[in-house]
Amino acid sequence: MPKTVFDTLRQFGGGGAAPGPAEIIRRLYGTGPRGGLNTTAAAADLGVSARTVRRWALQGIPASPAGGQIRQNYQTWETTPTGRDTILRAVNTAKRDQITAVTFLGKVIISNDNRNNTIRTLNFTLSPAETNLLLDTARVGSEADLHAALEYLAGEHGLGGASLDIADLNIR
């Protein structure tokens, strides 16, 4: 399966580690009055006990209906501006205002180009302002917006009007 631009950015600058169960619960339900996980809110939402939520935080989220619900809730949360901003916070801190190298592998579709529908590799370097554009789009836009921004940036580097069909993407 081709990588999404967002997944590539998530890994860019060390931001790629998947959160553990406790972090997923904290991101979704916040903290309680004493600063720990808000197990009461999580339990109420998922139809389980607070003790069950605490066990999941320590031992992992099971493959059960309620476990599936928390995974689905987290996937939905990741697509919100708050979720995207949280996920990309470390990347944004490390890479804002930096020169960035992009290696694209996939199909580049440009009208009247005899190399259309063939897999090829493109390398280009983003200026600090272009890197910031990509990071800002990732934080507030959808995957489609991010893909469009990447196509725009590829256009700024000699591929004007190109449509990118990504097989692999590396940003460093």
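Structure shown above.
Because the structure is predicted, anything quoted here is derived from the model rather than measured.

Let's talk about the pattern of salt bridges
Per the counting criterion, the structure on display carries 6 salt bridges. Linking Arg 26 and Glu 23 is a salt bridge whose minimum nitrogen-to-oxygen distance equals 2.3 Å. Of the two residues, Arg 26 and Glu 23 both sit in helix 2 (residues 21-29), 3 residues apart, roughly one turn of that helix. What makes Glu 23 partly exposed here is its relative accessible area of 24%. Where Arg 27 meets Glu 23, a salt bridge forms, and the shortest distance between an N and an O atom there is 2.9 Å. Taken together, the positions of Arg 27 and Glu 23, both in helix 2 and 4 residues apart, correspond to about one turn of that helix. Residue Arg 27 is classed as partly exposed on the basis of its relative accessible area of 21%. Because the salt bridges share partners, they merge into one network encompassing Asp 85, Arg 89, Arg 96, Asp 136 and Arg 139.

Remarks on the packing of helix 2 against helix 4 (residues 50-59)
Closest axis-to-axis distance for the helix 2/helix 4 pair is 6 Å, and the angle between their directions is 130°. Looking at the two axes, helix 2 sits oblique to helix 4. Here helix 2 contributes Pro 21, Ala 22 and Ile 25 to the contact with helix 4, which in turn contributes Val 53, Trp 56 and Ala 57. Taken together, the residues of the contact of helix 2 with helix 4 sort by class into 6 nonpolar, no polar and no charged.

Quick notes on the packing of helix 2 against helix 5 (residues 65-78)
Viewed as axis vectors pointing N to C, helix 2 and helix 5 meet at an angle of 60°, and their least axial separation amounts to 10 Å. With respect to their mutual orientation, helix 2 and helix 5 come out oblique. Of the two elements, helix 2 crosses helix 5, and the hand of that crossing is left-handed. On helix 5, the residues that touch Ile 24, Ile 25, Arg 27, Leu 28 and Tyr 29 of helix 2 are Ile 70, Asn 73, Tyr 74 and Trp 77. Class assignment for the residues of the contact of helix 2 with helix 5 results in 7 nonpolar, 1 polar and 1 charged.

Comments concerning the nonpolar core
Nonpolar side chains in soluble globular proteins generally cluster together in the buried interior. Counting residues in each nonpolar core, the largest one holds 41 residues, and the members touching the most others are Leu 9, Ile 25, Leu 134 and Leu 169. Of all the elements, helix 8 (residues 143-159) adds the most residues to this core, at 5 residues.

Here we look at helix 3 (residues 39-46)
Among the residues making up helix 3, those that are buried are Thr 39, Ala 42, Ala 43 and Leu 46. For helix 3, the angular spread of buried residues about the axis comes to 100°, placing them on one side. For helix 3, the exposed residues lying more than 90 degrees away from the buried face are Thr 40 and Ala 44. On the buried face of helix 3, the contacting elements are helix 2, helix 4 and helix 5. Where helix 3 ends, the next residue or the one after it, Gly 47, has phi of about 75°, a positive value.

Regarding the environment of Asp 97
Tracing the backbone through its elements, the reader meets Asp 97 in the loop between helix 6 (81-95) and strand 1 (100-109). With 33 residues separating them in the primary sequence, Asp 97 and Glu 130 have C-alpha atoms 8.7 Å apart.

Scoring rules and cut-offs
Residues numbered from 1 in each chain as written. Predicted model: local features only at pLDDT ≥ 70, side-chain atom pairs only at ≥ 80, totals over all residues. Heavy atoms only, no water. Salt bridge = Lys/Arg side-chain N within 4 Å of Asp/Glu carboxyl O. Helix = DSSP H or I, 4+ residues; strand = E, 2+ residues; numbered from the N terminus. Buried < 20%, exposed > 50% of the residue type's maximum accessible area, 1.4 Å probe, protein only. Axes fitted to C-alpha atoms, helices over the stretch in contact; angles between N-to-C directions. Parallel < 35°, antiparallel > 145°, perpendicular 65-115°, else oblique. Contact = heavy atoms within 4.5 Å. Nonpolar A, V, L, I, M, F, W, Y, C, P; charged D, E, K, R; others polar. Left-handed = near helix turned anticlockwise from the far one by under 90°. Core = buried A, V, L, I, M, F, W, Y, C linked by side-chain atoms within 4.5 Å. Arc of directions from axis to C-beta.

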